[in-house]
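Here are the chains, one letter per residue:
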Amino acid sequence: MRLTRQHELFRTSVRSVLERECAAVDEWERAGAMPVHELYRGLGGEGLLGLTLPAGHGGLGLDLGYSYVWAQELGRLAAGSPAMSLSVQTDIVLPLLSAAGSGRVVEEFVRPAVRGERVAALAATEPGGGSDLAAVRTTAVPDGDEVVLDGRKAYITHGSVADFAVVLCHLTAADTAATGLDSLALVVVPADLPGVVRERYGAKLGNRACDHGSLEFTGVRVPREYVLGEPGTGYEWLSRVFTRERAFLAAVAAVRAQRALAGALGRARERGVLGRRLAEHQAVSFALAELDAELALVEQYTGEVFRLLQEDRPALRQASIAKLRATRLEREAAEAQLRVHGGEGYLDGGPVERAWRDARAGALAGGADEALLHLITAYLTTDH
Ligand SMILES: Cc1cc2nc3c(=O)[nH]c(=O)nc-3n(C[C@H](O)[C@H](O)[C@H](O)COP(=O)(O)OP(=O)(O)OC[C@H]3O[C@@H](n4cnc5c(N)ncnc54)[C@H](O)[C@@H]3O)c2cc1C
């Protein structure tokens, strides 16, 4: 992705907005919650929640380079939670609703969400499994000018705080047990409707300030206009969502890997062992050099994925590769940082330990590593 002077000017301004709006991120992590509605109103007021959406939908109509810079700047923050939360709103749900939603969806959900007045969730995973679309059991049954939803969703970012969720389900007749890809559909469901029950996950490994919850739908009625896209296009839209999501997560992870590597290097250059700085021990310096080399490649490749997206070219395979390698690198760099910090890293409850905990989500959220390998294998073994 070729970034211009304008993109870099945007970087400077977004950095200072995020430093101001997320100044309390350490506190949020300790408390295990962040004031998501307040944060979103602040960022919405700055125009940051609709960078690439058309002006007619309340956005700024900017190119994907701005989304790339936005991801990178979110990655610079001292915890993973703000990036995990905001990616759902700005680069998963809103681009989807803007592209596939009816006029009513744009008015009732996109515009308010761009202003930061509504918080979104994407509810795809079910208790029966997230990696396998065959596990989707949630149904939306047409009834007059409404559809009626029944089912359960698990591990959903913003699950207990979102104002609405885009729910992956089967659009099907009442007496048909749909399981194939053709009946998959994405439906917008306001969270305050009768029949929606939400529960928050409490203790968790990382990204503690970011909300995660489960959702249960029992006979929930929404207007037909809340079903996204034409009938039979649900799977296609989902693939587009996954592509942009994975590109975004890769860009965030590459910066977080860079942060962890810098932290490891800083410590290795100051701490002495056996009469030499840690960085002068080849076992340490080679390990960090390997990370640096890998990072250079991952950064370059992730930028290329954004370029493909900007040119509206197919990029699911490339985005999956970038996400697989960038999030793995983030884990490796976080591990290296923890290692060179010795006991202090394990015991201080601070950023070194947090980076290690937060990084683990990269192997799951946005697609488990093995699910991505499964997809890459499919490209290897079939003609495209
Ligand atoms: C922090 C976080 C945030 C999340 N946010 C959201 C969200 O906003 N919306 C949403 O819908 N979901 C969300 N998820 C759920 C996430 O998408 C799922 O956890 C993920 O898709 C894996 O599904 P699963 O947990 O059901 O594991 P399963 O599908 O049961 O898989 C279990 C394990 O099996 C292995 N595996 C998977 N596929 C294969 C394969 N083909 N071959 C071999 N091994 C395999 C993997 O190691 C995997 O971890 C989130 C998860 C986390 C941890």
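Residues numbered from 1 in each chain as written. Predicted model: local features only at pLDDT ≥ 70, side-chain atom pairs only at ≥ 80, totals over all residues. Heavy atoms only, no water.

1. Overview of the overall build of the protein chain
What counts, and what does not: In this text, helices come from DSSP runs of H or I with a minimum length of four residues, and strands from runs of E with a minimum of two, each type numbered from the N-terminal end. Note that the radius of gyration is over C-alpha atoms, with the globule rule given as 2.2 Å times the number of residues to the power 0.38. Any residue under 20% of the maximum accessible area for its type is buried, any over 50% is exposed, and the rest in between are partly exposed; the area is computed with a 1.4 Å probe on protein chains only. By definition in these notes, contact holds between two residues if any of their heavy atoms fall within 4.5 Å. Accessible surface area values rest on a Shrake-Rupley calculation with a 1.4 Å probe, where residue burial reflects the displayed protein chains alone.
Looking only at helices and strands, the protein chain has 12 helices and nine strands in total. A compact globule built from 384 residues would reach a C-alpha radius of gyration of about 21 Å, and the protein chain, at 21 Å, matches this within 12%. Seen through its C-alpha atoms, the protein chain measures out along the principal axes to roughly 80 × 45 × 40 Å. Looking at the protein chain as a whole, 54% of its 384 residues are labelled buried. Of the contacts formed within the protein chain by residues at least 6 apart in sequence, a portion of 75% connects residues at least 24 apart. Total accessible area on the protein chain stands at roughly 17200 Å², and carbon and sulfur atoms take up 52% of it.

2. Details of helix α11 (residues 351–359)
Given 3.6 residues per turn, any residue in an α-helix points the same way as the ones three and four places further on. Judged by how many residues are buried, α11 sits mostly within the fold: seven of nine residues are covered. Those residues of α11 not exposed but buried are Val352, Glu353, Arg354, Ala355, Arg357, Asp358 and Ala359. As for α11, its buried residues are in contact with α2 (25–31), α7 (234–270), α9 (316–340) and α10 (342–347).

3. A word on the side chain of Glu126
The following threshold applies: We define a polar contact as two N or O atoms separated by no more than 3.5 Å, with the added condition that, inside protein, one atom must be a possible hydrogen donor and the other a possible acceptor, whereas residues neighbouring each other in sequence contribute only through side-chain atom pairs.
Position of Glu126 among the secondary structure elements: in the loop between β1 (120–123) and β2 (139–143). At a separation of 2.8 Å, a polar atom in the side chain of Glu126 contacts the side chain of Lys153. Those residues in contact with Glu126, other than ones at most four positions away along the chain, are Ala135, Val136, Arg137, Thr138, Arg152, Lys153, Ala154 and Leu168.

4. Some details on the site of the ligand
Which entries qualify depends on this criterion: Think of it this way: one heavy atom of a residue within 4 Å of a molecule or strand is enough to make that residue near it.
Inspection of the region around the ligand gives 19 residues, with Leu122, Thr125, Gly130, Ser131 and Glu370 positioned closest. Between the ligand and the protein, one listed contact pairs an oxygen atom with a backbone N or O atom of Gly130 at 2.7 Å. When the ligand sits alone it has 970 Å² of accessible area, and the protein chains cover 65% of it. Sorting the residues of the shell around the ligand by element identifies β1, β3 (146–157) and α12 (369–381) as the ones contributing at least two each.

5. Section: the environment of Gly159
Tracing the backbone shows Gly159 in the loop between β3 and β4 (164–171). Of the residues examined, Gly159 reaches a relative accessible area of 1% and is grouped as buried. Along the primary structure Gly159 and Arg357 are separated by 198 residues, whereas in three dimensions their C-alpha atoms are 21 Å apart.

6. Points about the pattern of salt bridges
Which entries qualify depends on this criterion: When a carboxyl oxygen of Asp or Glu is within 4 Å of a side-chain nitrogen of Lys or Arg, the pair counts as a salt bridge.
Scanning all chains against the criterion turns up 25 salt bridges. Here Glu108 makes a salt bridge to Arg104, at a shortest N to O gap of 2.8 Å. Here the residue Glu108 and the residue Arg104 both occupy positions in helix α6 (residues 103–114), the gap between them amounting to four residues, near one helical turn. Assessed through its relative accessible area of 32%, Arg104 is described here as partly exposed. In this structure, Arg267 engages Glu344 in a salt bridge whose closest nitrogen and oxygen atoms are separated by 3.0 Å. One end of the pair, Arg267, is in helix α7; the other, Glu344, is in helix α10, and 77 residues separate them in sequence. Where salt bridges share partners, they join Glu8, Arg11, Arg15, Glu19, Glu73 and Arg76 into one cluster.

7. Overview of the packing of aromatic side chains
For clarity, the cut-off: Only rings of Phe, Tyr and Trp enter the pairing, Trp through its six-membered ring, and a pair is recorded when the two centres are within 6.5 Å. The plane angle decides the type: under 30 degrees is stacked, over 60 is edge-to-face, the rest tilted.
In the structure shown here, the tally under the stated rule is five aromatic pairs. Ring plane angle 35 degrees and centroid distance 4.7 Å describe the contact between Tyr68 and Phe306, whose orientation is recorded as tilted. Of this pair, Tyr68 sits in helix α4 (residues 64–75) while Phe306 sits in helix α8 (residues 282–310); the two residues are 238 residues apart in sequence, bridging distant segments of the chain. Here Tyr68 and Phe306 have matching classes, each one buried. Residues Phe109 and Tyr226 carry aromatic rings whose centres are separated by 5.1 Å and whose planes lie at 85 degrees to one another, so their mutual orientation is edge-to-face.

8. Quick notes on the nonpolar core
Note the threshold: To qualify as a nonpolar core, a set must consist of buried Ala, Val, Leu, Ile, Met, Phe, Trp, Tyr and Cys residues joined through side-chain atoms within 4.5 Å. These domain boundaries are the output of an automatic or database domain assignment.
Ranked by size, the top nonpolar core spans 58 residues in total, and within it Leu43 and Trp70 carry the most contacts. Sorting the residues of this core by element identifies α1 (5–21), α2, α3 (36–45), α4, α5 (81–100), α7, α8 and α9 as the ones contributing at least two each. At 12 residues, the largest contribution of residues to this core is made by α7. Each of domain 1 (5–118) and domain 3 (235–381) gives at least three residues to this core. If we ignore the near neighbours within four places in the chain, the residues touching Leu43 are Val17, Leu18, Glu21, Leu48, Leu49, Trp70 and Leu86. Counting residues in each nonpolar core, the second largest holds 47 residues, with Val114, Leu184, Val187 and Tyr226 among its members.

9. Notes on the packing of α4 against α5
Cut-off, in case you're wondering: Only the contacting stretch of a helix is used when fitting its axis, a line to C-alpha atoms as for every element, and angles between N-to-C directions run 0 to 180 degrees. With respect to orientation, any angle under 35 degrees is reported as roughly parallel, any angle over 145 as roughly antiparallel, any angle of 65 to 115 as roughly perpendicular, and every other angle as oblique. Whether a crossing is left-handed or right-handed is set by the direction in which the near helix is turned from the far one by less than a right angle, anticlockwise for left-handed and clockwise for right-handed.
Here α4 crosses α5 at 165 degrees, and the two axes come no closer than 10 Å. Taken together, the axes of α4 and α5 lie roughly antiparallel to each other. The crossing of α4 and α5 is right-handed. Together, Ser67, Trp70 and Leu74 of α4 and Ala83, Leu86, Thr90 and Asp91 of α5 make up the contact between the two elements.

10. Some thoughts on the domain arrangement of the protein chain
Put simply, the rule is: What gets called buried area is simply the loss in accessible area from a 1.4 Å probe that two parts show on being joined, summed for both. Amino acids are sorted into nonpolar (Ala, Val, Leu, Ile, Met, Phe, Trp, Tyr, Cys and Pro), charged (Asp, Glu, Lys and Arg) and polar (every other residue, Gly among them).
Domain assignment breaks the protein chain into domain 1 (5–118), domain 2 (122–232) and domain 3 (235–381). Spacing between the C-alpha centres of domain 2 and domain 3 amounts to 30 Å. Listed per partner, the contact involves 12 residues of domain 2 and 10 residues of domain 3. When the two sides are added together, the surface that domain 2 and domain 3 hide from each other amounts to roughly 1000 Å², 70% of it contributed by carbon and sulfur. Taken as a group, Leu186, Leu205 and Asn207 account for 37% of the area that domain 2 buries against domain 3, more than any other trio of residues on that side. Here domain 2 and domain 3 share zero salt bridges between them. Here domain 2 is connected to domain 3 by two residue pairs in polar contact (both at pLDDT 80 or more). The class makeup of the residues in the side of domain 2 that touches domain 3 is seven nonpolar, four polar and one charged.

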